[in-house]
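Working through the structure, step by step
What follows is each chain in one-letter form.
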Amino acid sequence: MEEKELVQSAQKEDKDSFGILVERYRNKMFYLAYSMTNNRETADDLAQEVFIKAYRALPRFNLKSKFSTWLYRIAINTIKDFHRKESGIEKVSLNQRTDVPDAKNFKGEEEKQEKLKLIRENINKLPEKHRIILTLRDIQGKSYSEIADILKIAPGTVDSRLFRARKRLRKLMAPYLSLFRRES
Amino acid sequence: MKRKKAERLILRSMDHSLNPDEKENLLRHLKECPLCRKKQEEYKNILGILGEQEFPEPKPYFWTRLKPKLKRDRSYESWLAWKKWGLRAVPLSLLILILFAFLVTVFIPSEQTELSRAEILLQNQNPFVDTLPLLEEGRVENENIHLIFTSINGENGTRRYFP
């Protein structure tokens with residue numbers, strides 16, 4: 001069944017159609033929330049909240065944009081609201097690492113996970129708008145035009161914001177960059 | 001090429017292909033600049049790891065847990081819909097009321113209003129239509145009133161009393 005048809009059925013209170021849409025997008029919404037919160041429980045709750053909001057707002061969705069774009073927009077706003085409420089708690093949990101891990105201690109998958117942890121920690125130190133754009137592009141793999149639609153900004157702004165976000169991330173990771181040069 | 005420009009092109013090249021000129025300029029610059037080569041390597045590794053990461057699955061029974069919440073919230077949605085349409089019904093009912101009032105005014109004939117004496121004279125009507133039957137009864141007091149009125153118009157009219 002086409003996505004448009006599923007959406008139209010769901011608009012007419014067909015829960016089974018909405019269920020198919022949930023199955024299609026639950027992982028993406030969960031990944032988005034997880035990469036923005038680094039907490040599985042929170043990400044799960046946020047993903048559920050996204051679908052509840054989407055179901056409520058579905059009768060007002062006019063199908064002018066893609067359903068996924070509309071859903072991502074809801075997700076971004078839900079996550080922003082969450083961060084606004086939890087900003088105090090978040091800051092305490094993020095700035096924990098002060099030491100530079102020794103790359104010699106890690107090998108293979110363990111090394112990769114340690115690097116990933118470092119990157120995530122530093123992404124969470126970025127301003128929210130940079131975190132969002134990095135998540136959408138570099139984790140979710142969204143195209144520039146999709147990001148522009150989701151965030152309601154011009155594609156040129158996507159380009160410049162993404163450039164600044166990546167540059168800032170690299171700057172934050174300056175103490176650990178030697179770890180990332182070893183691989184090539 | 002400046003390093004800032006080169007950095008921008010390095011990052012763009014990771015998202016989509018550059019135009020031939022930009023590509024050529026960047027490659028030439030990278031051959032000459034070890035600092036930018038180092039940056040390119042770092043960016044590739046950082047963004048590569050970020051893109052390859054595996055996420056955990058959401059908790060099991062996602063839809064089963066979600067479905068009852070949708071049911072509960074659907075009543076809220078219907079209330080919202082009622083609120084939306086209810087708000088629209090207010091101006092609509094006002095409009096209907098005004099239209100009804102207009103139609104009533106136009107199509108139902110109004111009761112005859114009492115005209116002033118000047119208006120009756122202008123319409124060439126007798127202003128004493130209501131008093132004539134009284135005068136015609138022939139009662140004494142009415143005769144007196146009659147005389148009073150006639151004396152007003154007569155040159156030598158005098159008031160006389162007939163007990």
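Cut-off values and rules
- In every chain, residue numbers begin from 1 and rise along the written sequence.
- To label them, take the chains in the order written and letter them from A, then take the ligands in the order written and number them from 1.
- Two thresholds apply to this predicted model, a pLDDT of at least 70 for residue-level local features and 80 or more for giving and counting side-chain atom pairs, whereas whole-chain, interface and lining totals are computed over all residues.
- Going along the chain from the N terminus, every DSSP run of H or I of four or more residues is numbered as a helix, and every run of E of two or more is numbered as a strand.
- Here a residue counts as buried when 20 or more other C-beta atoms fall within 10 Å of its C-beta, as exposed when 12 or fewer do, and as partly exposed in between; the C-beta atoms come from the backbone.
- Throughout, a residue-residue contact means that the two C-beta atoms, derived from backbone geometry, are no farther apart than 7 Å.
- Per residue, pLDDT measures the predictor's confidence, with a range of 0 to 100.
- Think of it as three bins: nonpolar holds Ala, Val, Leu, Ile, Met, Phe, Trp, Tyr, Cys and Pro, charged holds Asp, Glu, Lys and Arg, and polar takes everything else, Gly as well.
- The term nonpolar core refers to a set of buried Ala, Val, Leu, Ile, Met, Phe, Trp, Tyr and Cys residues connected through C-beta atoms within 7 Å.
- Residue count minus one, scaled by 1.5 Å, sets the expected span of a helix.
- Every axis in this analysis is a line fitted to C-alpha atoms, fitted for helices over the stretch in contact. Angles between the N-to-C directions lie between 0 and 180 degrees.
- Here roughly perpendicular refers to angles of 65 to 115 degrees, roughly parallel to angles under 35, roughly antiparallel to angles over 145, and oblique to all remaining angles.
- By definition, any crossing whose near helix is turned counterclockwise from its far helix by less than a right angle is left-handed, and any crossing with a clockwise turn is right-handed.

Here we take up the overall build of chain A. Within chain A, the secondary structure is distributed over 9 helices and 0 strands. Its helices and strands taken in sequence order, chain A reads α-α-α-α-α-α-α-α-α from the N to the C terminus. Considering chain A as a whole, with its 184 residues, one finds that 31% of them fall into the buried category. Restricting the contact set of chain A to residue pairs at least 6 apart, pairs at least 24 apart contribute 62%.

Now for the overall build of chain B. The secondary structure content of chain B amounts to 7 helices and 0 strands. Counting helices and strands in the order they occur from the N terminus, chain B gives α-α-α-α-α-α-α. Looking at chain B residue by residue over its 163 residues, the buried ones come to 10%. If you take every contact in chain B between residues at least 6 apart in sequence, the share linking residues at least 24 apart comes to 34%.

Turning our eyes to something else, we now look at unusual backbone geometry. With a phi close to 65°, L63(A) is a non-glycine residue in the positive phi region. You can see L63(A) is positioned in the loop between α3 (40-57) and α4 (67-94).

Segments scoring low in pLDDT should not have their predicted coordinates read at a detailed level. Mean pLDDT over chain A works out to 85, with 87% of the residues at or above the 70 mark. Taken as a whole, residues 90-96 of chain A scores under 50 in pLDDT and shows 4 contacts with residues more than four places along the chain or in a different chain.

With that out of the way, let us pick up the interface of chain A and chain B. In this assembly, 34 residues from chain A lie in contact with 27 residues from chain B. Breaking the side of chain A that touches chain B down by element, the ones donating at least two residues are α2 (15-37), α3, α5 (108-123), α6 (128-139), α8 (155-172) and α9 (177-181) of chain A. With 9 residues, α2(A) is the largest single contributor of residues to the side of chain A that touches chain B. Each residue belonging to the side of chain A that touches chain B can be placed in one class, and the counts come to 15 nonpolar, 5 polar and 14 charged.

Turning our eyes to something else, we now look at the nonpolar core. All names here are of chain A. Counting 55 residues, the largest nonpolar core has M29, A33, A47, V50, L71, A75 and I133 as the members making the most contacts within it. Among the elements that line this core, the one with the most residues is α2, at 11 residues. Those residues in contact with V50, other than ones at most four positions away along the chain, are M29, L71, I74, A75 and T78.

What follows is about helix α2 (residues 20-32) of chain B. The terminal C-alpha atoms of α2(B), which comprises 13 residues, lie 19 Å apart, in line with the 18 Å expected from a rise of 1.5 Å per residue. Across the 13 residues that make up α2(B), only a small minority, 1, are buried.

Looking now at the confidence of the model for chain B. All names here are of chain B. For chain B, the mean per-residue pLDDT works out to 80, and 82% of the residues sit at or above 70. Per-element mean pLDDT across chain B ranges from 72 in helix α7 (residues 140-153) up to 92 in α2. Scored as a whole, the predicted complex attains pTM 0.67, and scored at its interfaces, ipTM 0.79.

The subject of this paragraph is the packing of helix α1 (residues 3-15) of chain B against helix α3 (residues 34-52) of chain B. Residue and element names in this part refer to chain B. Relative to each other, α1 and α3 sit at 30°, their axes nearing to 10 Å. Comparing their axes, α3 and α1 come out roughly parallel. Like other packed secondary-structure pairs, α1 and α3 cross with a definite hand, here right-handed. Along its contact with α1, which presents R3, A6, E7, I10, L11 and M14, the element α3 presents L35, C36, K39, Q40, Y43 and L47. Within the contact of α1 with α3, the residues separate by chemical class into 8 nonpolar, 1 polar and 3 charged.

Turning our eyes to something else, we now look at α3(A). Spanning 18 residues, α3(A) covers 26 Å between terminal C-alpha atoms, matching the ideal 26 Å at 1.5 Å per step. Listing the buried residues of α3(A) in full gives A43(A), D44(A), L46(A), A47(A), Q48(A), E49(A), V50(A), F51(A), A54(A) and Y55(A).

Our focus in this paragraph is the environment of V7(A). Residues and elements named next belong to chain A. Looking at the element boundaries, V7 is found in helix α1 (residues 3-11). Assessed through the 18 C-beta atoms surrounding it within 10 Å, V7 is described here as partly exposed. Considering only alpha carbons, one finds V7 and F67, 60 residues apart in sequence, at a separation of 7.7 Å. Contact partners of V7, with chain neighbours within four places excluded, come to F61, L63 and F67.

All names here are of chain A. Contact geometry of α1 with α2 gives a least axis separation of 7 Å together with a crossing angle of 135°. Accordingly, the angle class assigned to the pair α1 and α2 is oblique. Considering how the two elements wind past one another, α1 and α2 form a crossing that is left-handed. Seen from α1, the contacting residues are L6, S9 and A10; seen from α2, they are S17, F18, I20 and L21. Taken together, the residues of the contact of α1 with α2 sort by class into 5 nonpolar, 2 polar and no charged.

Our focus in this paragraph is the environment of K15(A). Among the secondary structure elements, K15(A) is positioned in helix α2. Sequence separation between K15(A) and Y55(A) is 40 residues; the distance between their C-alpha atoms is 9.3 Å. When near neighbours in sequence (up to four residues on either side) are disregarded, K15(A) contacts K67(B) and L70(B).

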